[in-house]
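A structural walkthrough
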Amino acid sequence: MSVLVMKFGGTSVATLDRIHRAAKRVAVEVAKGHEVIVIVSAMAGKTNELVGWVGETSPMYDAREYDAVTSSGENVTAGLMALRLQEMDVPARSWQGWQVPVQTTSAHGAARILDIPPENIRAKFAEGMKVAVIAGFQGVSPEGRITTLGRGGSDTTAVAFAAAFEAERCDIYTDVDGIYTTDPRICEKARKLDRIAFEEMLELASLGAKVLQTRSVELAMRYKVKLRVLSSFEEQSDEAGTLVCDEEEIMESNVVAGVAYSRDEAKMTLISVADRPGIASAIFGALADAGVNVDMIVQNISEEGRTDMTFSCPNDQVMRAEKAVEAARERGDIRFNDLVTDTGVAKVSVVGIGMRSHTGVAADMFKALSAEGINIKVITTSEIKISVLIDRKYMELAVQALHDAFGLDKAA
Ligand code: ASP
Ligand code: MG
């Protein structure tokens, strides 16, 4: 029998009534002959509340107890979902992570799934159980302690189960009806995509499109799990939502699949550092040790043995970055004339696997920005992505201009 994984996010299980509606969707799939693994999040807002309670009780909390507390929201929804299904005469039971067991690393608060032995659940399916309801976001460490997978982690739980059970598909029910060419809140011409390639989704997710946890997309790509993102608030057909899949399964696509942005970026430049072996290592080693998430890096051509080094990081890490760099200077690890910080920038990126085979995408991008009089401060590229840093006040305009320039309002 074929296994289907259905994941319901926090808004889709926010009330008893919504759990009821989600359970009805599960029952439809059972009636079609599927064995179903349901992954649930905590009720919307619950995890935030639990995280808050931990911080109020113990500011320098023990991460193992943080996980004990924050994982509990999912236990409630898993039990309620199983009860609701039983009320509908669908044979179901709930499982917490440790019961499966979802084996993870010991990195509390950000654990990685190591293995999901399928035997226990398979045995129950063999006995006639139709639905296994799994508390998402949680697992158990080799030491036997409860772990969590990081915020948004139940997406990753869902994909990991789909891989472990070789599921036909992994349906992610959420409060949006799919993946869009860009954020519909800032670009009214944004269009829902029928399909998007894993690699494009990975770039969009890591660039800040928050529909799926980035790690869930990595995992889906590695195990070729077909992922579908769809709304739990609308009537569904088999074609609903967006399918995240292998690029071979996409017949025609635009060269650029989507435009992403990240609003709160900062640009920092170390003016006139010595241009010698080890200098980048000293700067970025100090930043890494301080936990700064460096994103773009640009090193200028050197003149007379001196160069400028520019990098970007999230705006709220600027103080930490400044401290780390100053401390490295005081230790004598690096020398520079000045540190210039610009906290008013945003990053805008175009993403598409078509860029591998099409030339001129960067030129088109820069032309569209210049037509709007937008100055580019930093540029970086990868095989399927071009990112620019610009003044934050032009961010929306840039997204709209690029959406138009690459014709994203129309399907290929
Ligand atoms: N409840 C967890 C969170 O809010 C996990 C999830 O919903 O994916 O981060
Ligand atoms: Mg989520």
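Just so we're clear, the structure is a prediction, and the values are computed from it rather than from any experiment.

Glancing now at the overall build of the chain. Each helix and strand counted, the chain has twelve helices and 18 strands in total. Taking 22 Å as the expected radius of gyration for a compact globule of 412 residues, we find that the chain reaches 24 Å, a close match to that expectation. Viewed in the frame of its principal axes, the chain has a C-alpha envelope of about 75 × 50 × 30 Å. Burial status across the chain gives 49% buried among its 412 residues.

Take the domain arrangement of the chain next. When the domains of the chain are assigned, the result is domain 1 (3–175) and domain 2 (259–406). The gap between the C-alpha centroids of domain 1 and domain 2 is 38 Å.

On the basis of which strands lie adjacent, the open sheet formed by eight strands has the order 3-6-2-1-9-11-12-10 and mixed pairing. Strands with a single pairing partner mark the edges of an open sheet, and in this sheet they are strand 3 (92–95) and strand 10 (195–197). For this sheet, the mean angle separating the axes of adjacent strands, direction not counted, is 20°. As judged from the three bridges shared by strand 11 (residues 227–231) and strand 12 (residues 242–245), these two strands associate in the antiparallel manner. The residue bridging Val229 from the neighbouring strand is Thr242, located in strand 12.

Quick look at the site of ligand 1 now. Within the structure, ligand 1 sits among Ser41, Ala42, Thr47, Glu74, Phe137, Arg151, Gly152, Gly153 and Ser154. Within the side chain of Arg151, one N or O atom sits 2.7 Å away from an oxygen atom of ligand 1. Here ligand 1 loses 86% of its free accessible area of 260 Å² to cover by the protein chains. A per-class count over the shell around ligand 1 returns two nonpolar, five polar and two charged.

The next subject is the UniProt feature "domain: ACT" (unreviewed entry) in the chain. Sites flagged by UniProt as "domain: ACT" (unreviewed entry) map to residues 268–353. Strand forms 38% of residues 268–353 and helix 28%; the C-alpha atoms that close the span are 30 Å apart.

For the structure shown, the criterion picks out four aromatic pairs. Measuring from ring centre to ring centre gives 4.8 Å for Phe8 and Tyr173, while their planes differ by 15°; the resulting arrangement is stacked. With Phe8 in strand 1 (residues 3–8) and Tyr173 in strand 9 (residues 169–174), this residue pair connects regions lying 165 residues apart in the sequence. Just as Phe8 is buried, Tyr173 falls in that class too. Aromatic side chains Tyr61 and Tyr66 sit 5.1 Å apart centroid to centroid with 20° between the ring planes, which places their arrangement in the stacked category. The cationic tip of Arg93 hangs over the ring face of Trp95; the distance from NZ or CZ to the ring centre is 3.6 Å. When the ring centre of Phe336 is taken as reference, the NZ or CZ atom of Arg329 above it lies at 4.0 Å.

Each value, and the rule that gives it
- Residues numbered from 1 in each chain as written.
- Chains lettered and ligands numbered in written order.
- Predicted model: local features only at pLDDT ≥ 70, side-chain atom pairs only at ≥ 80, totals over all residues.
- Heavy atoms only, no water.
- Helix = DSSP H or I, 4+ residues; strand = E, 2+ residues; numbered from the N terminus.
- Rg over C-alpha atoms; globule rule 2.2 N^0.38 Å.
- Buried < 20%, exposed > 50% of the residue type's maximum accessible area, 1.4 Å probe, protein only.
- Domains from an automatic or database assignment.
- Pairing = 2+ DSSP bridges.
- Axes fitted to C-alpha atoms, helices over the stretch in contact; angles between N-to-C directions.
- Near = heavy atom within 4 Å.
- Polar contact = N/O pair within 3.5 Å; in protein donor to acceptor, adjacent residues only side chain to side chain.
- Areas by Shrake-Rupley, 256 points an atom, 1.4 Å probe, with all protein chains shown as cover.
- Nonpolar A, V, L, I, M, F, W, Y, C, P; charged D, E, K, R; others polar.
- UniProt positions renumbered as here; feature names shortened; annotations may be inferred.
- Phe/Tyr/Trp six-rings, centres within 6.5 Å; stacked < 30°, edge-to-face > 60°.
- Lys NZ or Arg CZ within 6 Å of the ring centre and 35° of its normal.

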